[in-house]
Every structure is written in structure tokens, then in C-alpha cells.
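Observations on the three-dimensional arrangement
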Amino acid sequence: MSRTVYCQYFKKDADGLDFQLYPGEIGKRIFDNISKEAFALWQKKQTMLINEKKMSMMNPDDRAFLEKAMIEFLFEGKDVEIEGYTPPEK
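We now turn to the structure provided with this report. (Residues numbered from 1 in each chain as written. Predicted model: local features only at pLDDT ≥ 70, side-chain atom pairs only at ≥ 80, totals over all residues. Heavy atoms only, no water.)

Some remarks on the pattern of salt bridges
As enumerated under the stated definition, the model contains five salt bridges in all. In this structure, the salt-bridge partner of Asp79 is Lys45, at a minimum N-O distance of 3.1 Å. Taken together, the residues span a long stretch of sequence, with Asp79 in the segment after α3 (60-75) and Lys45 in helix α2 (residues 36-52) at a distance of 34 residues. Classification of Lys45 as buried rests on a relative accessible area of 16%. Here Lys78 makes a salt bridge to Glu76, at a shortest N to O gap of 3.6 Å. (Salt bridge = Lys/Arg side-chain N within 4 Å of Asp/Glu carboxyl O. Helix = DSSP H or I, 4+ residues; strand = E, 2+ residues; numbered from the N terminus. Buried < 20%, exposed > 50% of the residue type's maximum accessible area, 1.4 Å probe, protein only.)

As for the pairing of strand β1 (residues 4-7)
Burial along β1 is one-sided: Val5 and Cys7 are buried, and none of Thr4 and Tyr6, which face the opposite way, are. Here β1 runs beside strand β2 (residues 12-15); their pairing, made up of four bridges, is antiparallel. The residue bridging Cys7 from the neighbouring strand is Lys12, located in β2. As consecutive antiparallel partners, β1 and β2 are separated by four residues, and within that stretch Lys11 has a phi angle of approximately 60 degrees, a positive value. (Pairing = 2+ DSSP bridges.)

Focus: the packing of α2 against α3
Interhelical geometry of α2 versus α3 gives an angle of 145 degrees and a closest axis separation of 11 Å. Of the two possible hands of crossing, α2 and α3 adopt the one that is right-handed. On α3, the residues touching Ala38, Phe39, Leu41, Trp42, Lys45, Gln46, Leu49 and Ile50 of α2 are Phe65, Leu66, Ala69, Met70, Phe73 and Leu74. The residue makeup of the contact of α2 with α3, split by class, is 12 nonpolar, one polar and one charged. (Axes fitted to C-alpha atoms, helices over the stretch in contact; angles between N-to-C directions. Left-handed = near helix turned anticlockwise from the far one by under 90°. Contact = heavy atoms within 4.5 Å. Nonpolar A, V, L, I, M, F, W, Y, C, P; charged D, E, K, R; others polar.)

A word on the packing of helix α1 (residues 24-33) against α3
Running from amino to carboxyl end, α1 crosses α3 at an angle of 25 degrees, the nearest separation of the two axes being 12 Å. The orientation of α1 with respect to α3, classified from their angle, is roughly parallel. Both α1 and α3 take part in a crossing whose hand is left-handed. On α3, the residues that touch Ile26, Arg29, Ile30 and Asn33 of α1 are Glu67, Met70, Ile71, Leu74 and Phe75. When grouped by side-chain class, the residues that make up the contact of α1 with α3 number six nonpolar, one polar and two charged. (Parallel < 35°, antiparallel > 145°, perpendicular 65-115°, else oblique.)

A closer look at the packing of aromatic side chains
Evaluation of the coordinates by the stated rule reveals three aromatic pairs. Judged by centre distance (5.8 Å) and plane angle (40 degrees), the ring pair of Trp42 and Phe73 falls under tilted. In this pair, Trp42 sits in helix α2 while Phe73 sits in helix α3, placing the two residues 31 residues apart along the sequence. By relative accessible area, Trp42 is classed as buried at 1%. Of note, Lys12 hangs over the ring of Phe10, and the distance from its end group to the ring centre comes to 5.7 Å. Seen from the ring of Phe75, Arg29 lies directly overhead, with NZ or CZ sitting 3.7 Å from the centre. (Phe/Tyr/Trp six-rings, centres within 6.5 Å; stacked < 30°, edge-to-face > 60°. Lys NZ or Arg CZ within 6 Å of the ring centre and 35° of its normal.)

Here it is in C-alpha cells:
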């Protein structure tokens, strides 16, 4: 049975994550306040960022950049800017 959370990204009740995917306090905040759907959107953006900027997850600066972008995307409503990418029209 899935759990329901009030998703701060979508501003509505939605299916929550099955388990904490990110460590620490930020991971707990995501688990408690972000839906599966919103986190999946972030994962797509994260992959695009990693590829565009040729990031290495072994580099602490790259990890810090991604964490900041993740918080801004999920909790502050800021979209991720990816050079040369135009989102499809709805």
C-alpha cells in the first residue's frame, strides 16, 4: 500500500516515495514532503544537468551543486536551466 504525502512541489496530496532515496535531513524532508512523481521529474532534470555539465559524482563541488539545484527545484519552485534544451510545448 502506498503512502500519501502533501507534495510541496505540486501543492496537492499524492503518492509518496516508498523509502528515503537521499541521505540525511534533506532526504527526510524529501521523503516526508515530495511525491514519487515530483521526485521522478527531478531525476530527469538531474540526469540532464549531469550530462550537460559533465559532472562527476566523485567531485564534492558537483554533488553540492546538484543538491542545491534539487532543493531549489523541489521546494522553491525554481526550474533547472539546461543550456540548449527547450521543453516540449504542452
